Amino acid sequence: MGAKGMTEKLFYTDPKVFEWDAEVTGAAFHDGLWHVTLDKTAFYPEGGGQPCDLGTIAGKEVIHVMKKGEEVVHIVKEKPEGTRVHCQIDKIRRLVHTQHHSGQHLLAAVCLKMYGAKTLSIHLSMNSAAIELDVPALSDEQLENIEKEVNRLILSGRRIRIFYINRAEAGRYDLDEIPEGIERLRIVEIEGVEYNACGGTHVGSTSEIGPLKILKTERVRGHVRLHFICGIRLFEDYKEKLSLLADILEKLSTAQDTVLQKIEKIKKELKEKEQKYNALFDEYAELLTDRFIAEQKGPTAGKIFPDKTVKELSVISHKLLQKGMKAAVLGTILENKIILSQNGDLAIDCGKIIKQHAPAFSGKGGGTPVKAQAQFPDSEKLNEFFRFVTGHLGN
Ligand SMILES: [Zn+2]
């Protein structure tokens, strides 16, 4: 049993413990949750960029684990019964974090060694892992070289060794960062690669990290953020992608080696159909506008269509103006949009009318003096604005 106020940390002494019995040393109720302490625990508390372990204490679900001084505090919704309790941690979650954490050490070491890119921060979760580097960019070639070198080191099975030193001895190791206020330093050595002062959980050999894949980079605060996955998570991701690919192939009734050709073919057919449709719509718009103009009493054409796209309205309004109408106000319920256009004879500014008046009908938009467009939240507002504009222009 550990000293009072101190939890024996099994995740340090034996990282392969996933199930154990412990004595409850404390249980306090805070804000509707129980904060439970144990004499010994394998629950890794959140820290050093590594998320905490989850699992159960006497069958009660542990929702968070944190460090408080030398104690590990387990947060549970229900108080575990008894003083002697059986504990279990989610083995897969731990393994994913351990692989990502160890992979992150190796990736950071390789980025530094190959391109002088120092790791500024790390981000680990169940689904993703990333490091932020103090360089503005990395080329595709550099990324490929980094990935290749990391995987070479993984395959070569370098031993990962943990040992403790006194702070005074830190100078003997090429440590990047030495944690403040700690006398006894926990050193993680990746054989022939680097030394690190770290309190996280690690695999015993680089080969246990499993293959590592760089997913993408993004620019954050002028730095490169490198996203990667490895080990179990990489395998899970591969399974998800295979399943997604199988669904896509089934929907397209094709095979993997012909899927790109099939997509190109569908795109080409779609484009041809669109061109054909546009030509037909143009012919239809000719007839429609002839009939439309015959029904109009004044120089302004106004109508709300139930099913046209705004692109189609644009074709119709263009033809109306070509055929002698001075202005056109066309709306569509399908997209809750209105197009206002004029042939240039009228002393109005379509863009200004929309900008000034549409907001009073919860609409927004704008355009030029001869053509403008507005979007409304629903057909009711669209109708109200339509009545307003046609009234405003006079008919
Ligand atoms: Zn570490």
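Please read these numbers as outputs of a predicted model, since none were measured by experiment. Sequence order as written defines residue numbering, which begins from 1 separately in each chain. Since the coordinates come from a predicted model, pLDDT governs what is reported: local features require at least 70, and pairs of side-chain atoms require 80 or more to be given and counted, while whole-chain, interface and lining totals use all residues. To get the side-chain values, take all heavy atoms of the structure and skip hydrogens and water.

**Student:** Please clarify how the overall build of the protein chain should be interpreted in this entry.
**Tutor:** Per the convention used, a helix needs a DSSP run of H or I reaching at least four residues, while a strand needs a run of E reaching at least two, with both numbered from the N terminus. What the protein chain contains, in helices and strands, is 8 helices and 20 strands. Relative to its length of 395 residues, the protein chain is extended, with a C-alpha radius of gyration of 33 Å against a globular reference of 21 Å. In terms of overall dimensions, the protein chain has a C-alpha envelope of 95 × 50 × 45 Å along the principal axes. For the protein chain, with 395 residues in total, the buried portion stands at 40%. Residues count as neighbours in contact if any of their non-hydrogen atoms are within 4.5 Å of one another. Pairs at least 24 residues apart make up 59% of the contacts formed inside the protein chain by residues separated by at least 6 positions. Under this rule, positive means Lys or Arg and negative means Asp or Glu; His and the chain ends count for nothing. For charged residues, the charge sits on one atom: NZ in Lys, CZ in Arg, CG in Asp, CD in Glu. Across the protein chain, the 55 positively charged side chains and the 56 negatively charged ones have centroids separated by 4 Å. In this setup the radius of gyration rests on C-alpha atoms only. A globule is expected at 2.2 Å times the number of residues raised to 0.38. In this scheme, a residue with accessible area under 20% of its type's maximum is buried, one over 50% is exposed, and one in between is partly exposed, where area comes from a 1.4 Å probe on protein chains only.

**Student:** When you look at the coordination of the zinc ion in this model, what are you seeing that I'm missing?
**Tutor:** Angles between donor atoms at a metal ideally measure 109.5 degrees for a four-coordinate tetrahedral arrangement and either 90 or 180 degrees for a six-coordinate octahedral one. Donor atoms are limited to N, O and S found within 2.8 Å of the metal ion, a distance that becomes 3.2 Å for Na, K and Ca. With water left out, some sites might look partial. Around the zinc ion, the protein contributes the donor atoms H101 (NE2), H105 (NE2), C198 (SG) and H202 (NE2), which lie 1.9 to 2.2 Å from the metal centre. Geometry assignment treats four donors as tetrahedral when all angles are between 85 and 135 degrees, treats four as square planar and six as octahedral when opposite donors are over 155 degrees apart and all others between 65 and 115, and treats everything else as irregular. Metal-centred angles of 101 to 120° between the 4 donor atoms at the zinc ion mark the site as tetrahedral. Of note, the donors binding the zinc ion are all from one chain and are spaced H-x3-H-x92-C-x3-H. One end of the pair, H101, is in helix α2 (residues 91–115); the other, H202, is in the loop between β13 (194–197) and β14 (212–220), with 101 residues separating them in the sequence. Side by side, H101 and H202 carry an identical accessibility label, which is buried.

**Student:** Even after reading the chapter, I still don't get the UniProt feature "coiled-coil region" (unreviewed entry) in the protein chain, so can you show me in this structure?
**Tutor:** Within this numbering scheme, the UniProt entry marks residues 249–290 as carrying the feature "coiled-coil region" (unreviewed entry). Within residues 249–290, the helical portion is 83% and the strand portion 0%, while the C-alpha atoms at the span's ends are 47 Å from each other. UniProt positions are given in the numbering used here, feature names are shortened, and annotations may be inferred rather than shown by experiment.

**Student:** Quick question: what am I supposed to make of the side chain of T206 here?
**Tutor:** Within the secondary structure, T206 sits in the loop between β13 and β14. Here a polar contact means two N or O atoms within 3.5 Å. Within protein one must be a hydrogen donor candidate and the other an acceptor candidate, and residues neighboring in sequence count only if both atoms are side-chain atoms. Side-chain polar atoms of T206 contact the backbone oxygen of L153, separated by 2.8 Å. Not counting chain neighbours up to four residues away, the residues in contact with T206 comprise L106, L153, I154, G157, R158, I160 and I190.

**Student:** What exactly am I supposed to notice about the pairing of strand β3 (residues 33–38) here?
**Tutor:** Remark: a regular strand shows side chains that alternate across the two faces of the sheet. A pair of strands counts as paired when DSSP detects no fewer than two bridges linking them. Relative to β3, strand β2 (residues 19–30) runs antiparallel, the two sharing 6 bridges. Within the sheet, the bridge partner assigned to A28 lies in β3 and is H35. Counting the residues that bridge the hairpin from β2 to β3 gives 2 residues, and of these D31 lies at a positive phi of roughly 45°. Pairing geometry for β3 and strand β7 (residues 71–76), over 3 bridges, is antiparallel. Pairing of H35 across the sheet is with I75, part of β7.

**Student:** Looking at this structure, how should I read unusual backbone geometry?
**Tutor:** With the exception of glycine, most residues fall at negative phi, and the peptide bonds are largely trans. A positive phi angle, near 50°, is found at R221, a position not held by glycine. If you trace the backbone, R221 turns up in the loop between β14 and β15 (223–230). Here R221 falls in the exposed class, since its relative accessible area comes to 63%.

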